[in-house]
2 protein chains.
Amino acid sequence: MKYVLGIDIGGTSVKIGLFYDNGELIDKGEMKTRKEDGGAHILSDIRDFFEEILVDKSLTRDLFLGAGVGVPGPVKSEGIVQGCVNLGWDIKDIKQELEELLGIEVKVANDANIAALGEAWKGSGSNNMVMVTLGTGVGGGIVIDSRIVNGFDGLGGEIGHMTVNRKEDTPCNCGRCGCLEQYTSATGIVNMSKKYLANSQKDSKLREIENITAKDIFDLAKEGDELAIDIVDEFGDILGFALSQIASICNPEVFVIGGGVSKAGEFLIDSIRKHYVKNAFHKSKETQFTIASLGNDAGIYGGARLILQ
Amino acid sequence: MKYVLGIDIGGTSVKIGLFYDNGELIDKGEMKTRKEDGGAHILSDIRDFFEEILVDKSLTRDLFLGAGVGVPGPVKSEGIVQGCVNLGWDIKDIKQELEELLGIEVKVANDANIAALGEAWKGSGSNNMVMVTLGTGVGGGIVIDSRIVNGFDGLGGEIGHMTVNRKEDTPCNCGRCGCLEQYTSATGIVNMSKKYLANSQKDSKLREIENITAKDIFDLAKEGDELAIDIVDEFGDILGFALSQIASICNPEVFVIGGGVSKAGEFLIDSIRKHYVKNAFHKSKETQFTIASLGNDAGIYGGARLILQ
């Protein structure tokens, strides 16, 4: 039996999974991401963690097929990270550095893309899928014929920065205006709700909440609160339309919705699909929607898959 | 030395290329597409053509690695055509039927996708590219990491049916409204020009032409005709914006522009890129634009590549 590591480097923690080469997860662990000194300790911390695994499990390096690593930034297909603001990294050849530190083969990809690959392999996805992560921002990952659509600069799947409103004048974090993320992230929905509350005369329980969250909006919409329903409907219109555009381009079998907002479940999917179907082309009207199932483990699964495929 | 066939089945003619397995084109031929009887003779005509090649070149079947075939309709990845209105075909297992007729391995893909693969391999493209064909309609093909993005139902690269105007009420050929094809195909630009001529007071040489063509509009814009410049600018805005959306999704290295309208050359590219750059995300602003170079041979090259990759 051979082994594989799946490593998910995030802004808060680094998650590491140990897998058999048949894809079974044996054990997983987590450590704090040390961002001081421009993130200079992150890779050596991973080496130390790997050496502990070798001792704990009585394994040797030659039993490892490799390590698949997700990082929070764009990655060129040859494994060179194009900068990770969250980690303090500039352009960095993670593949080479980590191969020297670990002594095993390393493959690197963007974290959202790796998570999509994990869902495609062991989660709710399929070999042809688009994952949409609705969290603080909107992330995405595209897997076609079992492979990540990485793109030339590693920007494949950056669907949060599709422009959905050319008339917007409030800028997105990226500096441009009208990105999908500005309306359909957890933050975006809350911002939309503020506009609705200011411009509408409708009575709503949202008016009684001091710090509205995305969860409040979806919960109240489920209970029948009319203003909350209007907000969710606009959310669904914007996201459903954007996904119909993606379907015209890469025609996935399934859209997998993940991230904190996805906890709204089938109600969320219904709100998106209603508008998706109106806008989708031809057979892509039948594309399925599902909620992600691997949660925070999607990244380590995707990392392992990167080596095993 | 082994051999490969590249076959491009179009609504008017079937093109067949004979290649060495190093990718060199040895000879090519063309025959009329017989559409009578629901396109029942097309595949047997191809068999007859292949048998003539075998006799003419003194070759035998066992010297052939296979035939890659492009068809004008969506194709599931296992080679089943999902209907080709132009040929009279309903759902049809072309791979199996043609393998039985030719006695060699067959792979099948959509014609626009095959043309993109041909440009990626031997034309103006690269291993990460999106091809946009501006003809009677707007076609597209996406090649990422040297492979066609086929999609689950074979609709990958159907960029002509991205919705670029949600307020349009004139329907596209597909039945939906506001598709990219309605504005940026050869027909679409001419339709736009009619609206400009009706709504503008500007003097223009376009007013002197009875049956305006896309070429007239680009030619007059190059000469400085203000109204023609306005039309080309709107064309560039619509197409440049749509391509910026595609870049957020699959981040190609290069956009290859083909089809009849592409004869307008660098002037056309400048009109698209100007608007593209305004809307594109991050590093994808630097994505290159180029004119397709293989013309009508792109399909046979792509077919050969499908077998040789």
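Visitor: In this structure, what is going on with the overall build of chain A? I would like to understand it.
Guide: The helix and strand tally for chain A stands at ten helices and twelve strands. Over its C-alpha trace chain A gives a radius of gyration of 20 Å, about what one expects of a compact globule, namely 19 Å for 309 residues. Considered along the principal axes of its C-alpha atoms, chain A spans approximately 65 × 45 × 35 Å. Evaluated residue by residue, chain A yields a buried proportion of 58% over its 309 residues. By sequence separation, contacts in chain A at least 24 residues apart represent 60% of the contacts at least 6 residues apart.

Visitor: What's the story with the layout of surface pockets in this structure? I'm lost.
Guide: Left-over empty space is what a probe sized like a water molecule reveals as it rolls over the atoms. Roughly 560 Å³ of volume is contained in the second largest pocket. Lining the second largest pocket are 22 residues, and of these Arg-147, Ile-148, Leu-306 and Gln-309 of chain A together with Asp-145 of chain B lie nearest its centre. Taken together, the elements giving at least two residues each to the lining of the second largest pocket come down to strand E7 (106-110) and strand E10 (147-148) of chain A together with strand E10 (147-148) of chain B. Sorting elements by how many residues they give to the lining of the second largest pocket places E7 of chain A first, with four residues. Taken together, the residues of the lining of the second largest pocket sort by class into ten nonpolar, four polar and eight charged.

Visitor: Looking at this structure, I do not really get the relation of the copies chain B and chain A. What am I missing?
Guide: A rotation about some axis, followed by a shift along it, carries one copy of the chain onto the other. Superposition record for chain B on chain A: RMSD 0.0 Å, screw rotation 180°, translation along axis 0.0 Å. What we have between these two chains is a two-fold relation. When the interface residues of chain B are mapped onto chain A, 100% of them again fall at the interface, so both copies present the same face.

Visitor: Any chance you could explain the interface of chain B and chain A here in plain terms?
Guide: Accessible area lost on assembly of the parts is the figure often given for the size of an interface. At the interface, 39 residues of chain B touch 39 residues of chain A. Of the roughly 3500 Å² buried between chain B and chain A on both sides combined, carbon and sulfur atoms contribute 57%. Considering only the surface of chain B that becomes buried against chain A, Arg-166, Ile-249 and Phe-281 of chain B emerge as the three largest contributors, covering 21% of it. On inspection of chain B and its partner chain A, the count reaches two salt bridges. Notably, a salt bridge pairs Arg-166 of chain B with Asp-237 of chain A, separated by 2.7 Å at the nearest N-O pair. At the surface where chain B touches chain A, the tally comes to 22 residue pairs in polar contact (both at pLDDT 80 or more). Elements with a contribution of two residues or more to the side of chain B that touches chain A: strand E9 (138-144) and helix H8 (226-250) of chain B. The dominant element in the side of chain B that touches chain A, judged by the number of residues it contributes, is H8 of chain B, at seven residues.

Visitor: Would you mind showing me how to read helix H10 (residues 298-308) of chain B here?
Guide: Every α-helical turn comprises 3.6 residues, leaving residues that sit three or four positions apart pointing alike. Across the eleven residues of H10 of chain B, ten count as buried, placing the element largely inside the fold. When H10 of chain B is considered as a whole, its buried residues turn out to be Ala-298, Gly-299, Ile-300, Tyr-301, Gly-302, Gly-303, Ala-304, Arg-305, Leu-306 and Ile-307 of chain B.

Visitor: Looking at this structure, I do not really get the pairing of strand E4 (residues 64-71) of chain B. What am I missing?
Guide: A regular strand places its side chains so that they alternate between the two faces of the sheet. All names here are of chain B. Taking burial as the measure, the eight residues of E4 include seven buried ones, the bulk of the element. Where strand E1 (residues 3-9) and E4 come together, six bridges link them in parallel fashion. Residue Asp-8 lies in a different strand from E4, and its bridge partner there is Gly-70. Bridge count for E4 against strand E7 (residues 106-110) is five bridges, and the pairing is parallel. Of the residues in E7, the one forming a bridge with Val-69 is Val-108.

Visitor: Before we go on, may I ask you to explain the packing of aromatic side chains in this structure?
Guide: Each pair of aromatic rings is reported with the distance of its centres and the angle of its planes. Applying the stated criterion to the full structure yields 18 aromatic pairs over all chains. Ring centres of Tyr-3 of chain A and Phe-64 of chain A lie 5.8 Å apart, and the angle between their planes is 35°; this geometry places the pair in the tilted category. With a gap of 61 residues between them, Tyr-3 of chain A in strand E1 (residues 3-9) and Phe-64 of chain A in strand E4 (residues 64-71) connect regions that are remote in the sequence. The same class applies to Tyr-3 of chain A and to Phe-64 of chain A, which are both buried. Ring geometry for Phe-255 of chain B versus Tyr-276 of chain B: centroids 5.5 Å apart, planes at 75°, classification edge-to-face. Remark: Tyr-276 of chain B occurs in helix H9 (residues 265-279) and Phe-255 of chain B occurs in strand E11 (residues 254-258); sequence separation between them is 21 residues. Owing to a relative accessible area of 0%, Phe-255 of chain B belongs among the buried residues under this scheme.

Visitor: Looking at this structure, I do not really get the side chain of Asn-251 of chain B. What am I missing?
Guide: Tracing the backbone through its elements, the reader meets Asn-251 of chain B in the loop between H8 and E11. Look at Asn-251 of chain B and you get buried, because its relative accessible area is 0%. At 2.8 Å, the side chain of Asn-251 of chain B forms a polar contact with the backbone nitrogen of Asp-153 of chain A. Among all residues touching Asn-251 of chain B, those that are not within four sequence positions of it are Asn-150, Gly-151, Phe-152, Asp-153, Gly-154, Leu-155 and Gly-156 of chain A together with Ile-246 and Ser-284 of chain B.

Visitor: Honestly, the environment of Thr-290 of chain B in this entry has me stumped. Any pointers?
Guide: All names here are of chain B. Of note, Thr-290 is situated in strand E12 (residues 288-291). On the basis of relative accessibility, which here comes to 22%, the residue Thr-290 falls in the partly exposed class. Considered as a pair, Thr-290 and Ile-257 are 33 residues apart in the sequence and their alpha carbons are 6.2 Å apart. Residues within four places of Thr-290 in sequence aside, it is in contact with Ser-124, Val-254, Phe-255, Val-256, Ile-257 and Ile-269.

Reading the values: the criteria
- The residue numbering used here restarts from 1 in each chain and proceeds along that chain's sequence as written.
- Both sets of labels track the order of writing: A upward for chains, 1 upward for ligands.
- Local features in a predicted model are, by the rule used here, given only for residues with pLDDT of at least 70; side-chain atom pairs are given and counted only at 80 or more, and totals for whole chains, interfaces and linings are based on all residues.
- To obtain the side-chain values, all non-hydrogen atoms of the structure were used and water was disregarded.
- Put simply, DSSP H or I for four residues or longer makes a helix, DSSP E for two residues or longer makes a strand, and each gets a number counted from the N terminus.
- A radius of gyration in this sense is built from C-alpha atoms; the matching globule rule multiplies 2.2 Å by the number of residues raised to 0.38.
- Burial here depends on accessible area, computed with a 1.4 Å probe over protein chains only, as a share of the maximum for the residue type. Under 20% is buried, over 50% is exposed, and the range in between is partly exposed.
- Contacts: residue pairs with any heavy atoms within 4.5 Å of one another.
- A pocket here means an open set of points on a 1 Å grid, computed over the protein atoms alone, that has protein on both sides within 12 Å along at least five of seven lines. A cavity is instead a set of points where a 1.4 Å probe fits but cannot get out; residues with an atom within 4 Å of a point line either one.
- Grid points are joined across faces, edges and corners, and a volume is the space filled by probe spheres set on the points.
- Throughout this entry, Asp, Glu, Lys and Arg are counted as charged residues, while Ala, Val, Leu, Ile, Met, Phe, Trp, Tyr, Cys and Pro are counted as nonpolar. The remaining residues, Gly among them, count as polar.
- All copies are superposed by least squares; the fitting set is the C-alpha atoms of residues with a pLDDT of at least 70 in both.
- Here the quantity called buried area is the total loss of accessible area, with a 1.4 Å probe, experienced by two parts when brought into contact, counted for both.
- In what follows, salt bridge is the name for a side-chain nitrogen of Lys or Arg lying within 4 Å of a carboxyl oxygen of Asp or Glu.
- N or O atoms closer than or at 3.5 Å make up a polar contact, with two conditions inside protein: a donor-capable atom paired with an acceptor-capable one, and, for residues adjacent in sequence, both atoms drawn from side chains.
- If DSSP finds at least two bridges between two strands, the strands pair.
- Pairing of aromatic side chains here covers Phe, Tyr and the six-membered ring of Trp, requires ring centres within 6.5 Å, and sorts the geometry by plane angle: under 30 degrees stacked, over 60 edge-to-face, intermediate tilted.

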